[in-house]
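# Structural overview
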Amino acid sequence: MADTAQAQELVYLVTGGCGFLGEHVVRMLLQREPRLHELRVFDLHLGPWLEELQTGPVQVTAIQGDVTQAHEVAAAVAGAHVVIHTAGLVDVFGRASSETIHEVNVQGTQNVIDACVQTGTQFLVYTSSMEVVGPNIKGHPFYRGDEDTPYEAVHKHPYPRSKALAEQLVLEANGRKVRGGRPLVTCALRPTGIYGEGHQIMRDIFYQGQRLGGRLFRAIPASVEHGRVYVGNVAWMHVLVARELQQRGALMGGQAYFCYDSSPYKSYEDFNMEILGPCGLRLVGTRPLLPYWLLMFLAVLNALLQWLLRPLLLYAPLLNPYTLAMANTTFTVSTNKAQRHFGYEPLFSWEDSRTRTIGWVRAMDGSAP
Ligand SMILES: NC(=O)C1=CN([C@@H]2O[C@H](COP(=O)(O)OP(=O)(O)OC[C@H]3O[C@@H](n4cnc5c(N)ncnc54)[C@H](O)[C@@H]3O)[C@@H](O)[C@H]2O)C=CC1
Ligand SMILES: CC(C)CCC[C@@H](C)[C@H]1CC[C@H]2[C@@H]3[C@H](O)CC4=CC(=O)CC[C@]4(C)[C@H]3CC[C@]12C
């Protein structure tokens, strides 16, 4: 828990605080933000684990609410010094409509900005995504790029489009006068594919491998590199950026930072095997077992089935044309902007990150649904 020797005076609000990343941000704040007095956790669905946090020195306030409802957001933001806005609809599988994705990710973010302005909250950290840059639908590689690397960002899919619009809103709001006359200071963090304890897709792939007798079948060439970052480091970066934004607003305000750490550059499947291999799974094939054209055919078929079945049931498999294109396009970042601007160093080494994630997967063994 926080070092109580320092004055505990700050009120933080974490939207989406019960999600995969949000929970790590909440726990990290309690461990590493000594000036915290109250931590508000705002989410559509509150987690039972919040109960166990109520016994520490920091007042943890659970708020069940919806970011699309401006009045609920304003009530939660009022009196907060800092807002960390991680709430979002993460959907590249066609579970939600594009209207709903826009409503939550774009309108929800606008509501958070408006609430800061109306109530006088000065610091806003937004969880953006690497997807605001790419990969684009043309399959252009982004190889070890940084925040200034030119790239043709083309957003056809509702999720990346919504994240790009929301990020733009946040960054453009930097400098707006909030109630009381001070300027709003904002910035955006762009994680690559996050992994770690609580990662739903890793869980699904693990169970799928178990159902297939401990095997997974290679679908993506090993030569494609996909950026990944450990959830603990993403959480740490949020905590640090929120703290430093209060001191270095002139430098950091209006900036976007990729979230990175020392996780290795590998294909999506080869990276997953770094975790799932020690948990008893094997990746079959050194090359994709099916040719790309056949995978694309299956992906299009899945999309068609999704559309046909929609009136009856929700069919949303991992494979669709968008996820296939993503998994097949190299997108890796190599940057030190966060280190230069606010002294970020990953808190967890790759070995720690891997060990922690393996421990979490192993604990699920035998509990397949
Ligand atoms: N998972 C990943 O690999 C990456 C995620 N991100 C971003 O990180 C953020 C968190 O993502 P995850 O933790 O992975 O997703 P998640 O789905 O686990 O967490 C999102 C949280 O937001 C909450 N939420 C959704 N709609 C809401 C609404 N209308 N009002 C209030 N709360 C709402 C959900 O209940 C959930 O707890 C998102 O903004 C996402 O775009 C960015 C890059 C990569
Ligand atoms: C069956 C296929 C051959 C393999 C499917 C893999 C996909 C499910 C995942 C490949 C790339 C992932 C995305 C990527 O890590 C970037 C992301 C950023 C975000 O902001 C949200 C999550 C995601 C879209 C992530 C989702 C799963 C993949 C598409």
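Report on the accompanying structure. (Residues numbered from 1 in each chain as written. Chains lettered and ligands numbered in written order. Predicted model: local features only at pLDDT ≥ 70, side-chain atom pairs only at ≥ 80, totals over all residues. Heavy atoms only, no water.)

Backbone torsion omega between G134 and P135 reads 5°, so that peptide bond is classified as cis. Structurally, the position occupied by P135 is in the loop between β5 (123-127) and β6 (142-145). Of note in the backbone geometry, R144 takes a positive phi value of approximately 50° without being a glycine. Note that R144 resides in strand β6. The class for R144 is partly exposed, based on a relative accessible area of 30%. (Helix = DSSP H or I, 4+ residues; strand = E, 2+ residues; numbered from the N terminus. Buried < 20%, exposed > 50% of the residue type's maximum accessible area, 1.4 Å probe, protein only.)

The subject of this paragraph is the site of ligand 1. Taken together, 25 residues lie near ligand 1, and L21, D43, D66, Y159 and K163 sit nearest. Take L21: an N or O atom from its main chain is 2.8 Å from an oxygen atom of ligand 1. For ligand 1, an oxygen atom lies 2.6 Å from a polar atom in the side chain of Y159. Bound to the protein, ligand 1 loses 85% of the 820 Å² it would expose on its own. Of all the secondary structure elements, the ones that give two or more residues to the shell around ligand 1 are α1 (20-32), α4 (158-172) and β8 (193-195). Its residues assigned to classes, the shell around ligand 1 shows 11 nonpolar, 11 polar and three charged. (Near = heavy atom within 4 Å. Polar contact = N/O pair within 3.5 Å; in protein donor to acceptor, adjacent residues only side chain to side chain. Areas by Shrake-Rupley, 256 points an atom, 1.4 Å probe, with all protein chains shown as cover. Nonpolar A, V, L, I, M, F, W, Y, C, P; charged D, E, K, R; others polar.)

Let us look at the site of ligand 2. The environment of ligand 2 is made up of 15 residues, and the closest members are S129, E131, Y159, G193 and H226. Within the contact set of ligand 2, an oxygen atom lies 2.7 Å away from a side-chain nitrogen or oxygen of S129. Taking Y159, its side chain carries an N or O atom lying 2.6 Å from an oxygen atom of ligand 2. A total of 610 Å² of accessible area belongs to ligand 2 in isolation, and the protein chains cover 88% of it.

Taking burial as the measure, the nine residues of helix α8 (residues 268-276) include nine buried ones, the bulk of the element. Among the structural elements, β8, α5 (200-211), β9 (215-217), β10 (228-230), β12 (282-284) and α12 (350-364) are those in contact with the buried residues of α8. (Contact = heavy atoms within 4.5 Å.)

What follows is about the pattern of salt bridges. Taken as a whole and assessed by the stated rule, the structure comprises 12 salt bridges. With its nearest N and O atoms 3.0 Å apart, the salt bridge here joins E23 to R27. Taken together, the positions of E23 and R27, both in helix α1 and four residues apart, correspond to about one turn of that helix. Among the residues examined, E23 registers a relative accessible area of 22% and is labelled partly exposed. R27 gets classed as partly exposed once you look at its relative accessible area, which sits at 27%. Of the charged contacts, one joins R35 and E33 as a salt bridge, the two residues approaching to 3.7 Å between their closest N and O atoms. Taken as a pair, R35 and E33 share a single burial class, namely buried. (Salt bridge = Lys/Arg side-chain N within 4 Å of Asp/Glu carboxyl O.)

We now examine the packing of helix α2 (residues 70-77) against helix α3 (residues 98-119). Two elements in contact, α2 and α3, have axes whose closest approach is 9 Å; the angle formed by their N-to-C orientations is 50°. On the basis of the axis angle, α2 is oblique to α3. Pair α2 / α3 crosses with right-handed handedness. Along the contact surface, α2 presents A70, V73, A74 and V77, while α3 presents N111, V112, A115, C116, Q118 and T119. Class assignment of the residues belonging to the contact of α2 with α3 gives a composition of seven nonpolar, three polar and no charged. (Axes fitted to C-alpha atoms, helices over the stretch in contact; angles between N-to-C directions. Parallel < 35°, antiparallel > 145°, perpendicular 65-115°, else oblique. Left-handed = near helix turned anticlockwise from the far one by under 90°.)

With that settled, the discussion passes to the packing of aromatic side chains. Tallied over the entire structure, the rule returns 12 aromatic pairs. Both rings, one in Y151 and one in F331, keep their centres 6.0 Å apart while their planes meet at 85°; by these two values the pair is edge-to-face. In this pair, Y151 sits in the loop between β6 and α4 while F331 sits in strand β13 (residues 331-333), placing the two residues 180 residues apart along the sequence. Using a relative accessible area of 18% as the deciding quantity, one classes Y151 as buried. The interplanar angle of 45° and the centroid separation of 5.4 Å between the aromatic rings of F271 and W350 together place this pair among those described as tilted. Taken together, the positions of F271 in helix α8 and W350 in helix α12 put the pair 79 residues apart, joining distant regions of the chain. For W350, a relative accessible area of 14% corresponds to the buried category. Put simply, the rings of Y195, Y230, F271, F348 and W350 touch in pairs and so form one group of aromatic residues. In this structure, R32 packs its charged tip against the face of W236, placed 5.7 Å from the ring centre. The side chain of R144 reaches across the aromatic face of Y265, ending 3.8 Å from its centre. (Phe/Tyr/Trp six-rings, centres within 6.5 Å; stacked < 30°, edge-to-face > 60°. Lys NZ or Arg CZ within 6 Å of the ring centre and 35° of its normal.)

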